[in-house]
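In case you want the letters, here they are:
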Amino acid sequence: MESLVVLGVLAIICGLIHPANGFEERFRFASYYGDHMVLQAGPGSAVIWGYGAEGATVTVSVEGKDKHTAKVLDGIWSVTLDPVKPGGPFTLTAEHLSQDGLTSLNLTDVLFGDVWLCGGQSNMEMTLSQVMNASEELAEASKFPDVRVFSAALEQSSTELRDLAKVALPWSIPSAKVLGAGNFTQFSAVCWLFGRYLYERLQYPVGLVESCWGGTPVEAWSSHRVLHRCGLVEGTLGSRFEYVDRVMGPRFNSVLWNAMIHPLLNMTIKGAIWYQGEDNTNYNLDLYNCTFPAMIDDWRLSFHQGSAGQTSAVFPFGFVQVSLAAAGSVVH
């Protein structure tokens, strides 16, 4: 038996046989595409991407129409749809044609509308079950089925990731259960109430993407470009912030940009909202008037470039002007 295993390994090394497709080669959508999702409606176009076998051809269509084709290069395929008016539901189909044959994947109950990114620290992370009128708000949740929610998992990385390492909440239709999870889990109360407000006025689908972590400074959410522009260097925060949990998140430069923002850049979005500030009360406070505006500029440019120009380079970025917490007070 051992000799057979050795012979098999040698055959793979010599290229005589091929092992099963690896994680990157398996035909699939990127992490933040799924049933019940909202894609950005026109005038911009939604970008759809994923993984496949090298050299394969992938064709993506909406309800069998609006077909766009791309080759898989370095394990990645990407297409840009034609603009779609707000509405739905639709079925989005991706077909993967390789030497192994034709494989199809369907995403159902897909809506087109406005997609908003919600970021920041615990003010944004606070869930609907933590607001004063939680029971009333949770009871109303199911009345807004066209406001869909998605949440990135809490992850950090020393390098820029192509895709999310994990997803905390896949695209979901709102319900008391979905929005009423444990404290500081998912889904963001501020993000949800903002999206519901938009829907009530726009009367078309809204997609909400939560990517936030309590107890985090702006430096963690900023690229190295931003930090260098403001005179900060890699590793500024040092080892005094070694303890990391859900409440007091990572403080190292760029680790959340790398893991929780950079993977989303291919997504076409309408805009972003931000609720953060207290964690810079006692750290680089004098630089916040550089780091925060620079982060906004960098996010705008990066989403514009990552979506092949589909996300506006001047997309709206709403933020709360947070009052500074008193020195030594608990971060909220």
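This is a predicted model, so every value here is computed, not measured.

Enquirer: A description of the overall build of the chain should follow, citing residues and the corresponding values.
Expert: Looking only at helices and strands, the chain features eight helices and 13 strands. By residue count, 51% of the 332 residues in the chain fall in the buried class. In the structure as shown, the chain presents an accessible area of about 15,300 Å², 57% of it carried by carbon and sulfur atoms.

Enquirer: Give a description of the environment of valine 149 that names residues and reports values.
Expert: Within the secondary structure layout, valine 149 lies in strand 9 (residues 147-152). With 112 residues separating them in the primary sequence, valine 149 and methionine 37 have C-alpha atoms 7.9 Å apart. Setting aside residues up to four positions removed in sequence, valine 149 forms contacts with Leu169, Pro170, Trp171, Ser172, Val178, Leu179, Phe187, Trp192 and Leu208.

Enquirer: Tell me what's going on with the state of the cysteines, and back it up with residues and numbers.
Expert: Summed over the entire model, instances satisfying the criterion amount to two disulfides. Between the sulfur atoms of cysteine 118 and its disulfide partner cysteine 191 the distance amounts to 2.1 Å. The chirality of the disulfide connecting cysteine 118 with cysteine 191 is right-handed, given an S-S dihedral of about 65 degrees. Of this pair, cysteine 118 sits in strand 8 (residues 101-120) while cysteine 191 sits in helix 5 (residues 189-202), and the two are 73 residues apart along the sequence. Since its relative accessible area comes to 0%, cysteine 118 is described here as buried.

Enquirer: Break down the packing of aromatic side chains for me, with residues and values.
Expert: For the structure shown, the criterion picks out 20 aromatic pairs. Here tryptophan 299 and phenylalanine 317 contribute two aromatic rings whose centre-to-centre distance is 5.8 Å and whose plane-to-plane angle is 70 degrees, an arrangement assigned as edge-to-face. Of this pair, tryptophan 299 sits in helix 8 (residues 288-306) while phenylalanine 317 is found in strand 13 (residues 317-319), placing the two residues 18 residues apart along the sequence. Judged by its relative accessible area of 9%, phenylalanine 317 is buried. Through a chain of ring-to-ring contacts, the aromatic side chains of Phe27, Phe29, Tyr32, Tyr33, Trp49, Tyr51 and Trp77 assemble into a single cluster. Here the basic side chain of arginine 162 rests over the ring of tryptophan 49, its NZ or CZ set 4.6 Å away from the ring centre. Arginine 300 extends its terminal NZ or CZ atom over the ring of phenylalanine 315, reaching a point 6.0 Å from the ring centre.

Enquirer: Tell me about helix 8, and please be specific about residues and values.
Expert: Over its 19 residues, helix 8 extends 26 Å from the first C-alpha to the last, a length consistent with the 27 Å expected when each residue adds 1.5 Å. For helix 8, the complete set of buried residues consists of Tyr288, Thr291, Phe292, Ala294, Met295, Ile296, Asp298, Trp299, Ser302 and Phe303. Among the structural elements, strand 8, helix 6 (224-229), helix 7 (255-261), strand 12 (271-275) and strand 13 are those in contact with the buried residues of helix 8.

Enquirer: Hey, could you go over the pattern of salt bridges for me, with residue numbers and the actual values?
Expert: Taken as a whole and judged by the stated rule, the model has seven salt bridges. We note a salt bridge from lysine 143 to glutamate 140, for which the minimum N-O separation is 2.9 Å. Note on glutamate 140: relative accessible area 27%, which makes it partly exposed. Measuring nitrogen to oxygen at the nearest pair gives 3.7 Å for the salt bridge that ties glutamate 200 to arginine 201.

Enquirer: Can you lay out the side chain of serine 157 for me, pointing to particular residues and giving the numbers?
Expert: Assignment of secondary structure puts serine 157 in the loop between strand 9 and strand 10 (167-172). Here the side chain of serine 157 touches threonine 159 through a polar contact of 2.6 Å, landing on its backbone oxygen. Among all residues touching serine 157, those that are not within four sequence positions of it are Ser254, Val255, Asn258 and Ala259.

Enquirer: An account of the nonpolar core is requested, with residue identities and associated values reported.
Expert: Of all hydrophobic cores here, the largest spans 62 residues; its most connected members are Tyr33, Leu39, Leu92 and Trp299. Residues in contact with leucine 92, not counting those within four places in the same chain, are Phe29, Met37, Leu39, Ile48, Val60, Ser61, Val62, Leu81, Leu105, Asn106, Leu107 and Val110. Listed in part, the 24 residues of the second largest apolar core include Val131, Leu138, Val147 and Ile273.

Definitions and cut-offs
Within each chain, residues carry numbers counting from 1 in the order of the written sequence. Side-chain atom pairs in this predicted model are given and counted only at pLDDT of 80 or more, local residue features only at pLDDT of at least 70, and totals for whole chains, interfaces and linings cover all residues. With hydrogens and water stripped out, all remaining heavy atoms of the structure feed into the side-chain values. Working definition: helices are DSSP H or I runs of at least four residues, strands are E runs of at least two. Numbering for both runs from the N terminus. Only protein chains enter the accessibility calculation, which uses a 1.4 Å probe; a residue whose area is less than 20% of its type maximum is buried, one above 50% is exposed, and one in between is partly exposed. Residue exposure ignores everything except the shown protein chains as possible cover, and the areas themselves are Shrake-Rupley values with a 1.4 Å probe. Contacts were defined at the residue level, with two residues in contact if any of their heavy atoms lie within 4.5 Å. Two cysteine sulfur atoms form a disulfide, by the criterion used here, when they sit within 2.5 Å. Stacked, tilted and edge-to-face are the three classes assigned to paired rings of Phe, Tyr and Trp, where Trp is represented by its six-membered ring and a pair needs centres within 6.5 Å; plane angles under 30 degrees give stacked, over 60 edge-to-face, the rest tilted. Working rule: Lys NZ or Arg CZ, within 6 Å of ring centre, within 35 degrees of ring normal, means a charge sits over the ring. Here, expected helix span is obtained from the residue count minus one, scaled by 1.5 Å. By definition here, a salt bridge exists when the distance from a side-chain nitrogen of Lys or Arg to a carboxyl oxygen of Asp or Glu is within 4 Å. Any N or O atom pair separated by 3.5 Å or less is treated as a polar contact, with the protein-specific requirement of one donor-capable and one acceptor-capable atom, and with residues adjacent in sequence counted only for side-chain atom pairs. For the purposes of this section, nonpolar cores are sets of buried Ala, Val, Leu, Ile, Met, Phe, Trp, Tyr and Cys residues that join through side-chain atoms within 4.5 Å.

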